[in-house]
Amino acid sequence: MSATYPTKLLLAFRSGDKCALPSCGRQLTPDGDSGNPINVGKAAHIEGEHEGAARYNASMSDVERDHYNNLIYLCGVCHDIIDDRAQGEHDYPIERLQEIKTDHERKVRQAMADAFADVGFPELEEATQWILTIQPEQSGQDFLLIAPEDKLRKNDLGQDSRAVITIGLSVARDVGAYIESISQTEPDFPERLKAGFLSEYYRLIHEGQTGDDLFDLMCSFAQRGFERQAQRSAGLSVLVYLFESCEVFEK
Ligand SMILES: [Zn+2]
Ligand SMILES: [Zn+2]
């Protein structure tokens, strides 16, 4: 067995598309926009995938083995290093890998948050390029604003998602101004934007995603495989803007 595609996507997103081993940290987003980060990064098993594998735990079920909590995002080289039966198991026991993963994901969250300060019109322009190819839909949805707290609760969002939303809201006004300025020449830009995000949102809902996983998969979608953190956070700020203006996510 191996981890599901959404699980791999989540792992890649929460790892910032970087190898989690501190001695490595290799960027795993391929150049160009055709490549998919999960093709080069590996969802490596912490407690071994099968009998005979490093750190194998016979009492675990296959579902637990392939669960997010038992996976760490690594490049191919580091995957081989930790999986080496003699040295890998000795140098990278279960607790150490869990610690490395937790540390790495925390640093990625911090870098993501810090980069909101660097989001300006050029980053927003790059992060929303793809929207110009989206067909607008005439849904006539309202722009009603509700208290973010109610919305966070309704969408069952935890601390990490809340942190992204809170900091993202600090640039929401810039996003609004940017959308307004594009609308001068591209009148249906707001509708295209909404349609682009909504189709992914409904696809994920259909897949059964909820709560923080759903939110993070939307974040992963929003940052469009960009490498530079400011561009990635520009994508996130657009998502947060839509969250706040109730265009996407449950009201
Ligand atoms: Zn492995
Ligand atoms: Zn590596």
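Residues numbered from 1 in each chain as written. Chains lettered and ligands numbered in written order. Predicted model: local features only at pLDDT ≥ 70, side-chain atom pairs only at ≥ 80, totals over all residues. Heavy atoms only, no water.

Peer 1: Would you mind going over the coordination of the zinc ion (ligand 2) with me for this structure?
Peer 2: Six octahedral donors at a metal ideally form angles of 90 or 180 degrees, and four tetrahedral donors ideally form angles of 109.5 degrees. Looking at the metal site, the zinc ion (ligand 2) is ligated by Cys-19 (SG), Cys-24 (SG), Cys-75 (SG) and Cys-78 (SG), spaced 2.3 Å from it. Around the zinc ion (ligand 2), the four donor atoms sit at angles spanning 103 to 117 degrees, and that spread fits a shape best called tetrahedral. We classify Cys-78 as buried; its relative accessible area is 5%. (Donors = N, O, S within 2.8 Å, 3.2 Å for Na, K, Ca; no water. Tetrahedral: all angles 85-135°; square planar, octahedral: opposite > 155°, others 65-115°. Buried < 20%, exposed > 50% of the residue type's maximum accessible area, 1.4 Å probe, protein only.)

Peer 1: Which parts of the structure should I look at to understand unusual backbone geometry?
Peer 2: With the exception of glycine, the majority of residues adopt a negative phi angle, and the majority of peptide bonds are in the trans configuration. Unusually for a residue other than glycine, Asp-17 sits at a positive phi of about 55 degrees. Topologically, Asp-17 is positioned in the loop between α1 (5-14) and β1 (42-45). In this structure Asp-17 comes out as buried when scored by relative accessible area, which is 4%. At Asp-156, a residue that is not glycine, the phi angle is positive and equals roughly 60 degrees. Examined against the element boundaries, Asp-156 turns out to sit in the loop between α7 (148-154) and α8 (159-169). (Helix = DSSP H or I, 4+ residues; strand = E, 2+ residues; numbered from the N terminus.)

Peer 1: It is not clear to me how helix α12 (residues 229-244) should be interpreted in this structure. Could you clarify?
Peer 2: For an α-helix the count is 3.6 residues per turn, leaving residues at separations of three or four pointing the same way. The first and last C-alpha atoms of α12 sit 22 Å apart over 16 residues, in line with the 22 Å expected at 1.5 Å per residue. Burial within α12 is extensive, with 14 of its 16 residues counted as buried. (Expected span 1.5 Å × (residues − 1).)

Peer 1: How do you make sense of the coordination of the zinc ion (ligand 1) when you look at a structure like this?
Peer 2: The protein atoms donating to the zinc ion (ligand 1) are His-79 (NE2) and Asp-83 (OD), with metal-donor distances spanning 2.0 to 2.1 Å. Placement of the pair is His-79 and Asp-83 together in helix α3 (residues 76-83), with a separation of four residues, close to one helical turn. Note on Asp-83: relative accessible area 32%, which makes it partly exposed.

Peer 1: Please clarify how the confidence of the model for the protein chain should be interpreted in this entry.
Peer 2: Detailed reading of predicted coordinates is not advised where the pLDDT is low. Overall, the prediction assigns the protein chain a mean pLDDT of 86, with 88% of residues at 70 or greater. Here residues 140-146 scores under 50 on pLDDT; set against residues more than four positions off or in separate chains, the count is 17 contacts. (pLDDT = per-residue confidence, 0-100. Contact = heavy atoms within 4.5 Å.)

Peer 1: Please clarify how the side chain of Gln-209 should be interpreted in this entry.
Peer 2: You can see Gln-209 is positioned in the loop between α10 (189-206) and α11 (211-222). Using a relative accessible area of 13% as the deciding quantity, one classes Gln-209 as buried. Side chain to side chain, Gln-209 and Glu-207 meet in a polar contact 3.1 Å long. With residues near it in sequence (within four places) discarded, Gln-209 still touches Pro-6, Leu-204, Leu-214 and Leu-217. (Polar contact = N/O pair within 3.5 Å; in protein donor to acceptor, adjacent residues only side chain to side chain.)

Peer 1: Help me understand the packing of helix α6 (residues 121-128) against helix α9 (residues 172-183) in this model?
Peer 2: Between two packed helices, the angle of one axis relative to the other and the distance separating the axes together describe the packing. Relative orientation of the contacting elements α6 and α9 amounts to 65 degrees, with a least axis distance of 10 Å. Judged by the inter-axis angle, α6 sits roughly perpendicular to α9. Relative to α9, the crossing made by α6 is right-handed. Residue-level inspection shows Phe-121, Leu-124, Glu-125 and Thr-128 of α6 in contact with α9, the latter providing Asp-174, Val-175, Ala-177, Tyr-178 and Ser-181. (Axes fitted to C-alpha atoms, helices over the stretch in contact; angles between N-to-C directions. Parallel < 35°, antiparallel > 145°, perpendicular 65-115°, else oblique. Left-handed = near helix turned anticlockwise from the far one by under 90°.)

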